[in-house]
Amino acid sequence: MPDHPPTDPPLALELLVHGVAGAAPADLLGDPRTVRITGDSTAAVFRRADDADAEAHPERYAGRPVPEAYCWSRLTSGNGARALWLLLLPFMVVNLAHWARPAQSATDPAPRTVRTYGVLVRVVALSLTVLLIAAACEVSLDLVAWQCAGSATCTGSHSWLGFLAPGAGWWAQPGRRLALGALVPAALTCLLWYLADRTWSAYESQPPPAGTADPDIASDTAPALGRPGFWYGRRIVARLRAAHTAAGLLTVAVAVAVPTVRHDRRADAPALEALGWCLQALLAAAALAVAWVVCRRGRSEDRPDHRLDRAALTLLPASALALLAAVLLYACWSRPGWTSTGRLPGDFAFGVLMLGQGLCVLALAGVARSLQRRAPDRSVALGGLGGPAVAMLGCALGGVMSGGVAQRVADWLDGAATPGTPGAPLPGPPVLLSWQAAVLPPLLLVLALLAAWFTVRGGRARRRLAESVADEYPGETPDRDRSRRIAGARTAAALTDSAPWFVAAVSGVTLVLGAGALAGAWLSGEVPGEAARGLPVLETAARAAQDAGAWLVGFGFVLFVAWGRRAYRDPAARRTIGILWDVGTFWPRAAHPFAPPCYAERAVPDLTWRMAGWTERTGGRLVISGHSQGSVLAAAAVWQLPPPVRRRVALLTYGSPLARLYGRWFPAYFGPGPLAALHQELDCWRNLWRATDPIGGPALPGPHGTALSAVDRGPLPDPIAYGRSALYPLPAPILGHADYQADPAFAAERDALLALLDTAARTGVPGQRPADGSAGTATGSAGTATGPPGTTAAGPAGLSKEPRAPGGPPGTAG
């Protein structure tokens, strides 16, 4: 669109950003006829057809803004390939642990402690990649190529494995069977590399607008989300992608090399044994190189980093692939008389992985507590241990998924028998996986007891609240059923604040029971039922837990696959999964490159470009209006704006999880300090919330959860009317998290923000009322408008200046 001279009053634009699950442009704009102004089929800005040329006719929009909508839902719920992201769920969870660290102290920032936190999270993330590939090796190498193909009973039941049976031909030797089976985990590793490379090109390579932030200023004072390079993580993702790909290929190589070298040592073949030891030494050196690349460097956020570490990107995967090829050739060498019996050495490998993950999580907890003690914050989830708890959840998910695949395949190959029990044709998967499965029933029991306690507590709170609901609507006749429904909605919404209890229970019980499972597997060397044989009560409990756990793991795996298959075929189910990614993939891939891509690295630059470009061309006023997750994107985009642009932009958030969820779980980025700094830098900001909303809440909560009237207006009445009246002849619905735009407070606050921007443009002072009081009157009326019963006054529109809360120092992203 061509440039147009500024008008008086200047043209106003309302940029709407939807929340999770997405919304069609027609629904956001309230008009079935919409046109795409800019963008592509993945994310774009839309307007009503009648508003497409609004800049050419500003006189048409006197007293009202031009509405346009930014639709980004296809970034997370586009084509059917998104269903495959379910397999990456553990990677996504552990990536969140990187961002869930406590905030730094202004007086004692402890950059080394922050870097240590980042290194530990990246090490845990690397262990999950190794765990996934090790599980694939367990299935293809141990269960299929080693155990089943080496058993005449198993190959007789599965004719497609007949060419691998003993005495069947060239592939009958165990080394060659292992080499053939290694192609499956190697192909899985290459698939992960391809998906990460494809999404890296589409998401991480979106540069921010030039000059959106001053690197020198950002380095000294700006919160992390205001740094120029925060949403441009292509370098770290490329480095981690190369390292994790090499780690996956090296895991496959080790799984083939170890049993082959062990046979050569027993068979007294010195030449082959020497070659095997040389290959193992090279594998160890390559593993050290991978660990060095992962631990050496974290994210660079002070300025966009366009460099790529070409040596690491090419040498690491290429060297690992060459070593894997050499190991496969070594394993294919003829070894007459070699037979496969028992299991491959998987118990030790899985045990070392599990022990290493537990130790890393404990070390991560110590580092997090150290940071929390330096900058105490009572609003932080789990007392600053949210990051370690989330990392523990990622490890638990990885273990359950790995064990579920192995258990299902073993049950399928073993027919009616139970793998690992006396008389079964196959030894089955490592006994540690059976111990891990036996942990599930007590874990679910703890969660059920916790849920029952919160249910009882919520029921009592609902009864107490129902007694006073009618008093909030003066003049209304109390209705018991109506009061119970309203109280029930508020009580259910409050359950969101109980999420830390469930996360703490799952993480703590998993850590304790996991340690017990590891000790039991290593000390007994048998599945739980066999280890407890001869102890009447304990044996019964162990067998019940083992059988129930195996059934739960298998059922969960089948359900997982079925859900992914349905999501691949059904767009509605795919949108449901998209909601999960909307919440979990907001953050950049700082710890795990195979996690689902960060859509914010595309959405935030889109919004920043749009706001900066439109205000520069037109000189107009802009209100960016974000609902739910869209409010987080809007705030992140406003943080990226340069000060001259930010003075022409206002922020309106509603149903926003900025403080209630993001502030509690990600305090270093959305805690009280960063949000207060945003309020200081962006004078024009309003936030609407309801007590019935399970997601939204005050953006700047004060002591004891109260809201600061300078920014927050709420809780808004919901429902807007208690009973029937001449104004509301039909029952008003309880809206909860939806339809904020239908509330009269929405239009009032939006108009007040536009008036405040106009005042600032005329006086040159943000938030300053003009001498004639015109804008001040409009703003004040909106700020103190008396709505239906239960409305809280928002206070004057000229927001009070709060002292800037200190943010973290630059370059401390870990």
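How each quantity is defined
Residues numbered from 1 in each chain as written. Predicted model: local features only at pLDDT ≥ 70, side-chain atom pairs only at ≥ 80, totals over all residues. Heavy atoms only, no water. Core = buried A, V, L, I, M, F, W, Y, C linked by side-chain atoms within 4.5 Å. Buried < 20%, exposed > 50% of the residue type's maximum accessible area, 1.4 Å probe, protein only. Helix = DSSP H or I, 4+ residues; strand = E, 2+ residues; numbered from the N terminus. Contact = heavy atoms within 4.5 Å. Patch = residues over 30% accessible without salt bridge, like charges linked within 9 Å, V, L, I, M, F, W, Y side chains within 5 Å. Areas by Shrake-Rupley, 256 points an atom, 1.4 Å probe, with all protein chains shown as cover. Salt bridge = Lys/Arg side-chain N within 4 Å of Asp/Glu carboxyl O. Pairing = 2+ DSSP bridges. Lys, Arg positive; Asp, Glu negative; His and termini not counted. Charge placed at Lys NZ, Arg CZ, Asp CG, Glu CD. Phe/Tyr/Trp six-rings, centres within 6.5 Å; stacked < 30°, edge-to-face > 60°. Disulfide = S-S within 2.5 Å. Axes fitted to C-alpha atoms, helices over the stretch in contact; angles between N-to-C directions. Parallel < 35°, antiparallel > 145°, perpendicular 65-115°, else oblique. Left-handed = near helix turned anticlockwise from the far one by under 90°. Nonpolar A, V, L, I, M, F, W, Y, C, P; charged D, E, K, R; others polar.

### What to know about the nonpolar core
Residues Tyr 70, Phe 586, Trp 587, Ile 624, Leu 633 and Phe 670 are the most contacted members of the largest nonpolar core, which totals 151 residues. For this core, the element with the highest residue contribution is helix α8 (residues 234-266), accounting for 15 residues. Aside from chain neighbours lying at most four places away, what touches Leu 633 is Val 17, Trp 72, Phe 586, Tyr 599, Ala 600, Ala 603, Val 604 and Leu 607. Residues Ala 650, Leu 652, Tyr 740 and Leu 757 belong to the second largest nonpolar core, which totals 22 residues.

### Here we look at helix α22 (residues 658-665)
A large share of α22 lies buried, amounting to 6 of its 8 residues. For α22, the full list of buried residues reads Leu 658, Ala 659, Arg 660, Tyr 662, Gly 663 and Trp 665.

### Description of a nonpolar patch on the surface
Where nonpolar side chains cluster on the molecular surface, the patch consists of Phe 348, Val 352, Leu 355, Leu 359, Leu 362 and Trp 522 and spans about 610 Å² of accessible area. The residue Phe 348 is located in helix α11 (residues 346-374) in this model. On the basis of relative accessible area, Phe 348 is assigned to the exposed category, the value being 59%.

### Looking at the pattern of salt bridges
Counting across every chain of the model gives 22 salt bridges. As a salt-bridge pair, Asp 50 and Arg 33 come within 3.1 Å of each other at their nearest N and O atoms. Here the residue Asp 50 occupies a position in the loop between β3 (44-48) and β4 (66-71), and Arg 33 occupies one in the loop between α1 (25-29) and β2 (34-39), the gap between them amounting to 17 residues. Residue Asp 197 pairs with Arg 241 through a salt bridge whose shortest N-O separation is 3.6 Å. Here Asp 197 is found in helix α6 (residues 183-204), whereas its partner Arg 241 is found in helix α8, with 44 residues between them in sequence. Counted as one network, the salt bridges with shared partners bring together Arg 47, Glu 55, Glu 68 and Arg 610.

### Some remarks on the environment of Arg 60
Position of Arg 60 relative to the elements: it lies in the loop between β3 and β4. Spatially, the C-alpha atom of Arg 60 lies 9.7 Å from that of Leu 11, the residues being 49 residues apart in sequence. Beyond its immediate sequence surroundings of up to four residues, Arg 60 is in contact with Asp 50 and Asp 53.

### As for the pairing of strand β1 (residues 12-17)
Burial within β1 is extensive, with 6 of its 6 residues counted as buried. Residues Ala 12, Glu 14 and Leu 16 point to one face of β1 and Leu 13, Leu 15 and Val 17 to the other, with burial holding for every one of them. With 6 bridges connecting them, β1 and strand β5 (residues 621-627) associate as parallel partners. Of the residues in β5, the one forming a bridge with Val 17 is Gly 626. As defined by bridge partners, β1 adjoins β4 across 5 bridges and the pair is classed as parallel. Opposite Val 17, over in β4, you have Tyr 70 as the bridge partner.

### A closer look at a positive patch on the surface
A cluster of basic residues, Arg 457, Arg 460, Arg 463, Arg 464, Arg 480 and Arg 484, forms a positive patch on the protein surface. When residues of the positive patch are assigned to their parent elements, the largest contribution, 4 residues, is made by helix α13 (residues 431-469). Exposure remark for Arg 484: the relative accessible area of 30% places this residue in the partly exposed category.

### Topic: unusual backbone geometry
Going from Gly 714 to Pro 715, the amide bond is cis rather than trans, its omega being 0°. Note the cis peptide between Asp 718 and Pro 719, where omega equals 5°. Of note in this structure, Asp 268 is not a glycine but carries a positive phi near 55°. Topologically, Asp 268 is positioned in the loop between α8 and α9 (270-296). When its relative accessible area of 64% is taken as the criterion, Asp 268 is described as exposed.

### Concerning the packing of aromatic side chains
For any pair of aromatic rings, geometry is given as the distance between the ring centres together with the angle between the planes. For the structure shown, the criterion picks out 26 aromatic pairs. Judged by centre distance (4.9 Å) and plane angle (90°), the ring pair of Trp 170 and Trp 171 falls under edge-to-face. On the basis of relative accessibility, which here comes to 48%, the residue Trp 170 falls in the partly exposed class. With a relative accessible area of 31%, Trp 171 lands in the partly exposed category. When the centroid spacing of 6.4 Å and the interplanar angle of 50° are considered together, the rings of Phe 586 and Phe 670 count as tilted. Here Phe 586, found in the loop between α18 (571-584) and α19 (600-618), pairs with Phe 670, found in helix α23 (residues 667-670); they are 84 residues apart in sequence, far enough to count as distant. Take Phe 586: its relative accessible area is 0%, and that puts it in the buried class. On the accessibility criterion, Phe 670 (0% relative accessible area) is buried. One aromatic cluster is present, formed by Trp 72, Trp 99, Phe 230, Trp 231, Phe 586, Trp 587, Tyr 599, Trp 639, Tyr 662, Phe 666, Tyr 669 and Phe 670 through successive ring pairs.

### Description of the state of the cysteines
This model, assessed by the stated rule, comprises 1 disulfide. Residue Cys 148 pairs covalently with Cys 154 via a disulfide, S to S 1.8 Å. Between Cys 148 and Cys 154, the S-S dihedral sits near -90°, and the bridge is therefore left-handed. The exposure classification of Cys 148 matches that of Cys 154, with both residues buried. The thiol sulfur of Cys 295 is not disulfide-bonded, and the nearest other cysteine sulfur, from Cys 360, lies at 9.1 Å. Since its relative accessible area comes to 30%, Cys 295 is described here as partly exposed.

### Observations concerning the sheet that holds β2
The 8 strands lie next to each other as β2-β3-β4-β1-β5-β6-β7-β8, forming an open sheet whose pairing is mixed. Both edges of this open sheet fall to β2 and β8 (712-716), since each of them pairs with a single strand only. Averaged over all adjacent pairs, the angle separating strand axes in this sheet is 20°, with direction ignored. Relative to β4, β3 runs antiparallel, the two being bridged by 4 bridges. Along β4, the bridge assignment pairs Ala 44 with Cys 71.

### Some remarks on the packing of α19 against helix α20 (residues 629-639)
Viewed as axis vectors pointing N to C, α19 and α20 meet at an angle of 60°, and their least axial separation amounts to 9 Å. Classified by the angle between their axes, α19 and α20 sit oblique to one another. α20 is crossed by α19, and the crossing has right-handed handedness. Of α20, the residues touching α19 (which contributes Ala 600, Ala 603, Val 604, Leu 607, Thr 608 and Met 611) are Leu 633, Ala 634, Ala 636, Ala 637 and Val 638. Across the contact of α19 with α20, the residue classes break down as 10 nonpolar, 1 polar and no charged.

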